[in-house]
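# Topology and contacts: notes
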Amino acid sequence: MATYELPKTYDPKTTEERIYAWWEKGGYFSPSNDPHKPGFDPSRKPYVISIPPPNVTGELHVGHAMFVSVEDLMIRYHRMKGIPTLWVPGSDHAGIATQLQVEKMLSNEGLSREAIGRDEFLRRTWAWKEKYGGIITRQIRRLGASCDWNRERFTLDEGLSRAVREAFVRLYEQELIYRGPRLINWSPGLKTAVSDLEVEYSEEPGTLYYFKYQLADNPTEYIAVATTRPETILGDTAVAVHPDDRRYRKFVGRQVIVPILGRLIPVITDTYVDREFGTGALKITPGHDPNDYMIGQRHNLPVISVLDEAAKVNKNGGPYQGQDRFECRKNMWADMLQAGLVVKEVPYTINVPRTQRGGEIVEPMISTQWFVHIQPLAEKAIAAVRDGRIRIVPDHFAKVYFNWMENIQDWCISRQLWWGHRIPAWHCADCRKMTVSLQDPDKCAHCGGSQILQDPDVLDTWFSSGLWPFSTLGWPDQTPDLDYFYPTTMMETAYDILFFWVARMIMMGLEFTGEVPFNTVYLHGLIRDEHGRKMSKSHGIVVDPLIIMDELGTDALRFTLLVGSAPGNDMSLEVKRVEANRNFCNKIWNAGRFVIGCLSQVKEEPKAKAEWTLADGWIWARLQGLVRDAERLFQSYQYGEAGRQIYEFFWNEFADWYLEIAKMQMAEGGDRAYYTASTLARILDLSLRLLHPFAPFITEELWGHLRKALQDTPLASESAEWPEALIIAAWPMPRPEEQWEAQRVADFTLVQELVRVVRNLRAEKNVPPSRKLPMILAAGEKTTILRAQAATMAALAQLDLQKMEIHRSLDEKPAGNVAMVVGAVEIYLPLTEIVNIEEEKARLNKLFSEAEEQIIRLEALLSSPFATKAPAAVVQKEREKLEGFRETAAKVRSQLASLED
Ligand SMILES: [Zn+2]
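Every value quoted in this text rests on a predicted model; they were computed, and no experiment measured them.

Now for the overall build of the protein chain. Of the regular secondary structure elements, the protein chain holds 28 helices and 29 strands. Its C-alpha radius of gyration of 37 Å places the protein chain more than 25% over the 29 Å reference for a compact globule of 901 residues. Across the 901 residues in the protein chain, those meeting the buried criterion constitute 54%. Looking at the protein chain alone, contacts between residues at least 24 apart form 77% of all its contacts between residues at least 6 apart. When the accessible surface of the protein chain is summed, it comes to about 39,900 Å², and 49% of that surface belongs to carbon and sulfur atoms. Across the protein chain, the mean location of the 105 positive side-chain charges is 1 Å away from that of the 121 negative side-chain charges.

A cis amide bond links Val-393 with the next residue in sequence, Pro-394, at an omega value of -5°. Counting through the fold element by element, Pro-394 comes out in the loop between strand E15 (391-393) and helix H11 (396-406). Each neighbour pair has its own omega, and for Tyr-486 with Pro-487 the value is -5°, a cis peptide bond. If you trace the backbone, Pro-487 turns up in the loop between helix H14 (480-485) and strand E22 (488-494). Located in the positive-phi region is Ala-311, a residue other than glycine, with phi close to 65°. If you trace the backbone, Ala-311 turns up in the loop between helix H8 (290-298) and helix H9 (325-338). Of note, Tyr-637 is a non-glycine position whose phi angle comes to about 65°, a positive value.

Taking 1.5 Å of rise per residue, the 12 residues of helix H10 (residues 375-386) would be expected to cover 16 Å, and the 16 Å separating its terminal C-alpha atoms lies within 8% of that figure. Those residues of H10 that sit buried are Leu-377, Ala-378, Ala-381, Ile-382, Ala-384 and Val-385. Mapping the buried residues of H10 onto a view down its axis gives an arc of 160°, with all of them on the same face. Where the residues of H10 are buried, they touch strand E14 (363-372), E15, H11 and helix H15 (498-513). A positive backbone phi angle near 85° is found at Gly-388, which sits one or two residues after H10.

This part is about the packing of helix H3 (residues 95-108) against helix H5 (residues 118-132). Interaxial distance between H3 and H5 falls to 10 Å at its minimum, and their mutual angle equals 105°. The angle between the axes of H3 and H5 places the two elements in the roughly perpendicular class. Residue-level contacts link Thr-98, Gln-99, Gln-101, Val-102, Glu-103, Met-105 and Leu-106 of H3 to Phe-121, Arg-124, Thr-125 and Trp-128 of H5. Class assignment for the residues of the contact of H3 with H5 results in 5 nonpolar, 4 polar and 2 charged.

This part covers the sheet that holds strand E19 (residues 434-436). Pairing is antiparallel across the open sheet formed by 3 strands, whose spatial order is E19-E18-E20. Among the strands making up the open sheet, the edge pair consists of E19 and strand E20 (452-454). Going from strand to strand, the sheet's axes swing by 30° on average, the running direction of each strand aside. As paired strands, strand E18 (residues 425-428) and E20 are joined by 3 bridges and run antiparallel to one another. Among the inter-strand pairings, His-427 is bridged to a residue of E20, identified as Leu-453.

With antiparallel pairing, 4 strands are arranged side by side in an open sheet as E6-E5-E14-E16. Both edges of this open sheet fall to strand E6 (192-194) and strand E16 (411-412), since each of them pairs with a single strand only. Relative to E16, E14 is paired through 2 bridges, and the arrangement is antiparallel. When the sheet's bridge partners are listed, Phe-371 is paired in E16 with Cys-412. Contacting strand E5 (177-187) and E14, H8 runs over the sheet at an angle of about 140° to E5.

With that out of the way, let us pick up the nonpolar core. One finds Tyr-401, Phe-463, Phe-654 and Leu-786 to be the most contacted residues of the largest nonpolar core, which totals 201 residues. Setting aside anything within four residues of it in sequence, one finds Tyr-401 in contact with Ala-381, Ile-382, Val-385, Ile-392, Leu-498, Phe-499, Ala-503 and Ile-506. Core analysis: the next-biggest nonpolar cluster, separate from the first, contains 34 residues, Tyr-213, Val-313, Met-336 and Val-342 among them.

If you trace the backbone, Arg-504 turns up in helix H15. Although Arg-504 is buried, it forms no salt bridge, and the closest oppositely charged side chain is Asp-460 at an N-O distance of 4.9 Å. Contacts of Arg-504, omitting those with residues within four sequence positions, involve Leu-197, Trp-411, Trp-462, Gly-466 and Phe-499.

Moving on to the confidence of the model for the protein chain. Note that predicted coordinates carrying low pLDDT should not be read in detail. On average, residues of the protein chain score 91 in pLDDT, and 97% of them reach the 70 mark or higher. At the low end of the mean pLDDT range in the protein chain sits strand E25 (residues 571-572), at 75; at the high end sits strand E2 (residues 85-88), at 98.

Donor atoms from the polypeptide that bind the zinc ion are Cys-428 (SG), Cys-431 (SG), Cys-444 (SG) and Cys-447 (SG), placed at 2.2 to 2.3 Å. Note that the zinc ion binds 4 donor atoms; their angles at the metal cover 105 to 113°, and the shape is tetrahedral. Positions of the donor residues of the zinc ion along the chain correspond to the pattern C-x2-C-x12-C-x2-C.

So, about the packing of aromatic side chains. For the structure shown, the criterion picks out 49 aromatic pairs. A centroid spacing of 4.5 Å and a plane angle of 20° characterise the contact between Trp-404 and Phe-499, whose relative ring orientation is stacked. Here Trp-404, found in helix H11, pairs with Phe-499, found in helix H15; they are 95 residues apart in sequence, far enough to count as distant. A residue is classified by how much of its surface remains accessible, and Trp-404, at 23% relative accessible area, is partly exposed. Given a relative accessible area of 16%, Phe-499 falls into the buried group. Its guanidinium or amino end placed over the ring of Tyr-222, Lys-212 lies 4.9 Å from that ring's centre, counting from NZ or CZ.

Counting buried positions along strand E29 (residues 825-829) gives 5 out of 5 residues, so the element sits mostly inside the fold. In this structure, strand E26 (residues 773-778) lies alongside E29, joined through 3 bridges in antiparallel fashion. The partner of Leu-777 across the bridge, within E29, is Ile-827. Looking at chain direction, strand E28 (residues 818-822) and E29 are connected through 5 bridges and run antiparallel. Paired with Val-821 across the bridge in E29 is Glu-826. The turn linking E28 back onto E29 is made up of 2 residues, and Gly-823 within it adopts a positive phi angle of 55°.

Here Arg-415 shows up in strand E17 (residues 414-415). Side-chain polar atoms of Arg-415 contact the side chain of Asp-460, separated by 3.3 Å. The residues touching Arg-415, leaving out its near neighbours within four places in the chain, are Thr-192, Ala-193, Val-194, Ser-195, Glu-198, Asp-457, Val-458, Leu-459 and Asp-460.

Quick notes on the rules
- In this numbering scheme, every chain counts its residues from 1 along its sequence in written order.
- Reporting in this predicted model follows two pLDDT cut-offs: at least 70 for local features of residues, and 80 or more for side-chain atom pairs to be given and counted; totals over whole chains, interfaces and linings ignore these cut-offs and use all residues.
- With hydrogens and water set aside, each side-chain value is computed from the structure's full complement of heavy atoms.
- Helix and strand definitions follow DSSP, with helices as H or I runs of at least four residues and strands as E runs of at least two, each counted in order from the N terminus.
- With C-alpha atoms as the basis for the radius of gyration, the globule rule is written as 2.2 Å multiplied by the number of residues raised to the power 0.38.
- Three labels apply to residues, based on accessible area from a 1.4 Å probe with only protein chains included: buried if under 20% of the type maximum, exposed if over 50%, partly exposed otherwise in between.
- Only heavy atoms enter the contact rule, under which two residues are in contact if any of them lie within 4.5 Å.
- Residue burial considers only the protein chains on display, and all accessible areas are found by Shrake-Rupley using a 1.4 Å probe.
- Charged-residue counts in this description rest on Lys and Arg as positive and Asp and Glu as negative, His and the chain ends being excluded.
- A single reference atom marks each charge: NZ on Lys, CZ on Arg, CG on Asp, CD on Glu.
- By this rule, a helix spans an expected 1.5 Å times one less than how many residues it contains.
- Taking the helix axis as origin, the arc is that swept by the directions to the C-beta atoms.
- Axis definition: a line fitted to C-alpha atoms, limited for helices to the stretch in contact. Angles are taken between N-to-C directions and run from 0 to 180 degrees.
- Working rule for angles: under 35 degrees goes down as roughly parallel, over 145 as roughly antiparallel, 65 to 115 as roughly perpendicular, anything else as oblique.
- Note on residue classes: Ala, Val, Leu, Ile, Met, Phe, Trp, Tyr, Cys and Pro are nonpolar, Asp, Glu, Lys and Arg are charged, and everything else, Gly too, is polar.
- Two strands are said to pair when DSSP picks up at least two bridges between them.
- The nonpolar core is taken to be a set of buried Ala, Val, Leu, Ile, Met, Phe, Trp, Tyr and Cys residues, with the residues joined through side-chain atoms within 4.5 Å.
- The term salt bridge refers to a pairing of a side-chain nitrogen on Lys or Arg with a carboxyl oxygen on Asp or Glu at a separation within 4 Å.
- Confidence scores per residue from the predictor, reported as pLDDT, run from 0 to 100.
- Excluding water, the donors of a metal are its N, O and S neighbours within 2.8 Å, or within 3.2 Å for Na, K and Ca, and that exclusion means sites may look incomplete.
- Under the classification used here, a metal with four donors is tetrahedral if each angle lies between 85 and 135 degrees, square planar if opposite donors are over 155 degrees apart and the others between 65 and 115, a six-donor metal meeting that same test is octahedral, and anything else is irregular.
- Pairing of aromatic rings covers Phe, Tyr and the six-membered ring of Trp, with a centre-to-centre limit of 6.5 Å; geometry is then stacked below 30 degrees between planes, edge-to-face above 60, and tilted otherwise.
- Placement of a positive charge over a ring is assigned whenever Lys NZ or Arg CZ falls within 6 Å of the ring centre and within 35 degrees of the normal to the ring plane.
- Each polar contact in these results corresponds to two N or O atoms within 3.5 Å; when the atoms are within protein, one needs to be able to donate a hydrogen and the other to accept it, and residues that are neighboring in sequence are counted only if both atoms are side-chain atoms.

Written out as structure tokens, the structure is:
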């Protein structure tokens, strides 16, 4: 029989790529029940996730690594449970981000998009996408993502473009889309509208400028007004005061003179005005401030726009026409100072709105844009979460969701970009009406005129990603995929895009399919550095997952991200934790090498039925407990805790204890070796299955070796039912606890504690490992158990088996011994020669007072309301603890007495 041997070390670099290619080639990423394949059973409920599509311009960052790890874990877990799983991959065309990349490239060539024109620009952008668009998906593969790449989609591909068009036309026909002038956030650098969500506010030092609004009928009188943006004075159309403000009562209804321009505007009253802020009088610029815009609407004030799309002053700005907004601010203030209109300047911290992409200051501007009338959509989306059709995990985010959805503003969906879904609306030069249609029209739908021109704008990227869960499955066609896989099961993403994306998908899904797009929203936290700062390029504190994967392996990275996270909580990523998990991977490998080595030692079938040792029973019972706990934790989305418990089991129980004992059992040979090898193989097999969703590569590789190694041994039947790959092997199903389990665990735990106590004492007293010590135990009702475990204890604690005495009780305490107590068992070690008696007394006294302290604490606890209010089982546990400490105290007291002899 050939001896099967495992390479000494695990090499992630060569293994990961090979394993991934093998999985992909094997078709394991495709659903096991597929409407496009024979034998399809529509009654089996699938588990479906649509990937949050990364930007096609993107390069892998730790945020991607996080969502890929969590989603891949969810998918692998369900796949192993035999559920048909589908994880739909794809990428987002990312309007602004991509366009900026291509513009940068053009500018390096001395070109601009305006110079080459729209068609050529789009051609170049597609070429760019073909060249670089695959980078991010290749990197996602490296993380082990088991997506069905046959179903990969792109938000600008033909099918999704058709879906976008259908969605736009339907909303337009229901009058839920309209076009009109509104105040929006304008990015002067990018020359496009940006959504509220794409604006970030930063506190920056600024100035509060106080100046005079002179009364038209008596210029010696004035109202002092404060502003942070003096250039907007050019667009003022009123001065507002609070109706109850006595200071300004005499001015209300009169007119004031706009500085420099000389226009006359009214003094009005509005309860919006805060009497405490500034001077209590507010200049109203409806064309450049969202609050002023609302006040302007209420009072029918004219809206004057004073800036053009590059944020330069337009003709409404009189002498400042052509100046940049900040240049105008300076010049105008100087002119006002000259004219005696300045009161004072005060340093002031302002909340500056900046664009997420370009970073420059956003200008609120009046602009004609396309909007979605969002309230009717939002109402349905609120109901879907309220009535439980969609569950948000963790559930406290539901409150945030409701609050945002209830205050939602109409959604500006047009962008003045070229890269994206062009708005399917044609303006007629003859009748000025608009034709919106699924097919490109060649004439006006209203007057039949042929002078029609398509709207130049494209749609907000989030419009197409809002359709993602169903457009990727074929909508608007009722495809077999849409039929079977929709609604999807799980939407997993970072909590910071709950509104950007998740809310829009819920609204769009309900609107277009009449169903929720997914049943559960799982929100993971953001990843921070070790100082708790959000990782972002602007902070320069980015941990590059590609470098980590190169150096420490993908499994170590995944394990760290998964075990460090809990739903909705931010986590910090420290390289030293990834290193620790790389060590765990090595531990797994070494344990695997040991087990496979043991298998090759088994040469013949057993002669008798299995007789399991205490350690065999213990490790099996512990594993079954772990399987039960892991299942419960997976079902409640506590993946991090599940991973931690599997880690603890594998390292602290299986590797540290059972493998040590297995060595001795293997040495016994015969049936004992056979059954030990069988236990080793079964525990390793189930552990690898439990670890697979966390660390897919090393577990697949090792499991493959285990499977092959078993085939060459008399134990081959152990793996008879195993499939060819771990990725599709069955998830360990929890079974009810069997009667014998608790007792075995308790007995073995006692052995462990005795061994620990001896080991600790040896370490404390520097007893060399070569010195085998005699030991006397007074074991009470544990006598039989401990006698059977004498050899094990002797081996693990370096005791002299020949000089071990295990008695039920001792008539007399053995003199000259160090005495210790574990539960009800007394331990005596003849260490008098190396132990100082006084020190020993001190040690026992300390032990005694610790036990006393616990007794006092527990007695107080058990006579408090706790005893009646806490669950009976919990109270009982505390009573048992108290009993244990009382026993300990009694034993220690008698040991102290024996030292006095
Ligand atoms: Zn017309």
